[in-house]
Amino acid sequence: MTTAVVRALGALAHRAAHAHPDDICACPPPSVLADRADGTVVRSGPVVAKAHAPGTDTPDLLTRLILANDPRLTGILLAPLQPWPAVPSTTIQGRPVTLWPHGEPVDPGDPDSAPWEEAAVLLARLHLTPAPPSLALPPMRGPAKASLAVARMRAARPGDPATIPVLEAWHRLPAWARDEAAAPRHCSRFLCHGDLHLGQLVRHPAPHGPWLLIDVDDAGLGDPAWDLARPAAWYAAGLLPPEVWLRFLDAYRAAGGPAVRAEGDPWPELDVPARALTVQTAALAFAKSAAEGRTPDEVEQTMIDACVRIASLPPEPAAERSS
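Procedures and definitions
- Residues numbered from 1 in each chain as written.
- Predicted model: local features only at pLDDT ≥ 70, side-chain atom pairs only at ≥ 80, totals over all residues.
- Heavy atoms only, no water.
- Helix = DSSP H or I, 4+ residues; strand = E, 2+ residues; numbered from the N terminus.
- Rg over C-alpha atoms; globule rule 2.2 N^0.38 Å.
- Buried < 20%, exposed > 50% of the residue type's maximum accessible area, 1.4 Å probe, protein only.
- Arc of directions from axis to C-beta.
- Contact = heavy atoms within 4.5 Å.
- Polar contact = N/O pair within 3.5 Å; in protein donor to acceptor, adjacent residues only side chain to side chain.
- Axes fitted to C-alpha atoms, helices over the stretch in contact; angles between N-to-C directions.
- Left-handed = near helix turned anticlockwise from the far one by under 90°.
- Nonpolar A, V, L, I, M, F, W, Y, C, P; charged D, E, K, R; others polar.
- Core = buried A, V, L, I, M, F, W, Y, C linked by side-chain atoms within 4.5 Å.
- Pairing = 2+ DSSP bridges.

(A) Local environment of the overall build of the protein. What the protein contains, in helices and strands, is 10 helices and 10 strands. Here the C-alpha atoms of the protein give a radius of gyration of 20 Å, agreeing with the 20 Å that 2.2 N^0.38 yields for 323 residues. In terms of overall dimensions, the protein has a C-alpha envelope of 65 × 45 × 40 Å along the principal axes. The burial tally for the protein puts 48% of its 323 residues in the buried class.

See below:
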């Protein structure tokens, strides 16, 4: 954590939370909600300030902020605080900063109440919304994030033989899933979130408002199956119970989601993205455990073992043709 970044974000959020900066208040100290390589997030009362990742493409971020503010996506994406077009001009240590309303996140201590069906419906609605014709939207960054995860693993564990199955599973993916080619034309026109997991949902207004998707850093045009890939990968690895996976999948289908066929086997559409997310998760497990001087924990090892199984499978011609 960079203390200077956190302090600056807390001050920005605090000022934004008060209409009159000179007012005396009894606000609690700002709290750090996240501090990762892809962003630092600090809350002060009803306002959240986010410093985006170093090297963020600011014009692309601005385009994504405009998307989040599109009236057609009201009730799907959390919109940034006004005046949102000017916010990316604010930087901290060269990192663009945005301001957002605070929402109530998913309670990690109550997995039974996780909003899987709500997440599925929000994804279906997002995927069914036509891309605004006036916006030159970038590709969604799902494959790019997977590629960055593999690069992190290679840097953290150079030459480590334990990473060989992860790399073999990676190289079995088609080029588009490794961010080395454009996505297939038939699935590159959909609005996608790009990094769906339960941490990307909040209730707004907090604490009892409707669920909304947050974090548009990776949003853009692409294959909508990528947004289903993480829960699909968890299910395939045995981390997500079958009944939870089916609830999620059924809710997505019932809402008309276009990522998978309306009935029958969804895996022809999900196989490649799910394998990519499996590799991404395993690669990050190796990178993080190396940085922390430990061995992968049980959950991390489960995803690494899934890569071992993927690497042992024969090549799939259908997957190669999709590239």
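(B) Examining helix 5 (residues 164-171) more closely. For helix 5, the complete set of buried residues consists of V166, L167, A169 and W170. Seen end-on, helix 5 carries its buried residues on one side only, within an arc spanning 160°.

(C) Molecular detail of helix 6 (residues 229-237). Taken together, the buried positions of helix 6 are occupied by A229, R230, P231, A232, A233 and A237. Buried residues along helix 6 sit in contact with helix 3 (116-128), helix 7 (242-254), helix 8 (267-291) and helix 9 (298-312). Of the residues flanking the end of helix 6, it is G238, one or two places downstream, whose phi is positive at about 90°.

(D) Examining the side chain of Q200 more closely. Position of Q200 relative to the elements: it lies in the loop between strand 7 (190-192) and strand 8 (201-203). Only 3.2 Å separates the side chain of Q200 from the side chain of D215, close enough to count as a polar contact. The contact partners of Q200, leaving out residues within four places of it in the chain, are H193, D195, L212, L213, I214 and D215.

(E) View of the packing of helix 3 against helix 7. Packing of helix 3 against helix 7 leaves a shortest axis separation of 8 Å and a crossing angle of 30°. Handedness of the helix 3/helix 7 crossing: right-handed. Along the contact surface, helix 3 presents W116, E117, A119, A120, V121, L123, A124 and H127, while helix 7 presents V244, R247, F248, A251 and Y252. Among the residues making up the contact of helix 3 with helix 7, the classes are represented as 10 nonpolar, one polar and two charged.

(F) Broad picture of the nonpolar core. Counting 79 residues, the largest nonpolar core has V166, L201, L213, W226, L228, F248 and Y252 as the members making the most contacts within it. When residues no more than four places from it in sequence are discounted, the contact partners of Y252 are A120, L123, A124, H127, P224, L228, G257, P258, A259 and V260. Counting residues in hydrophobic clusters, the runner-up holds 12 residues, among them V6, L12, V47 and V97.

(G) Structural view of the pairing of strand 2 (residues 39-44). The element strand 2 is largely enclosed, with a buried count of five among its six residues. Where strand 1 (residues 31-36) hands over to strand 2, the hairpin turn is made up of two residues, counted between the paired strands. Summarising the sheet, strand 2 and strand 3 (residues 47-52) pair through six bridges and their orientation is antiparallel. If you follow S44 over to strand 3, its bridge partner there is V47.

(H) Molecular detail of the environment of A182. Residue placement: A182 occurs in the loop between helix 5 and strand 7. In this structure, the C-alpha to C-alpha distance between A182 and E117, residues 65 residues apart in sequence, is 30 Å.

(I) Looking closely at the sheet that holds strand 2. Taken in spatial order, the five strands make up an open sheet running 1-2-3-5-4, and their pairing is antiparallel. Only two strands of the sheet have a single neighbouring strand rather than two, namely strand 1 and strand 4 (91-92). As paired strands, strand 4 and strand 5 (residues 95-101) are joined by two bridges and run antiparallel to one another. Opposite I92, over in strand 5, you have R95 as the bridge partner. Packed onto the sheet, helix 1 (residues 3-16) meets strand 1, strand 2, strand 3, strand 4 and strand 5 and runs at close to 40° relative to strand 2. Sheet strands touched by helix 2 (residues 58-68): strand 3 and strand 5. Its angle to strand 5, the strand with the most contacts, is close to 15°.

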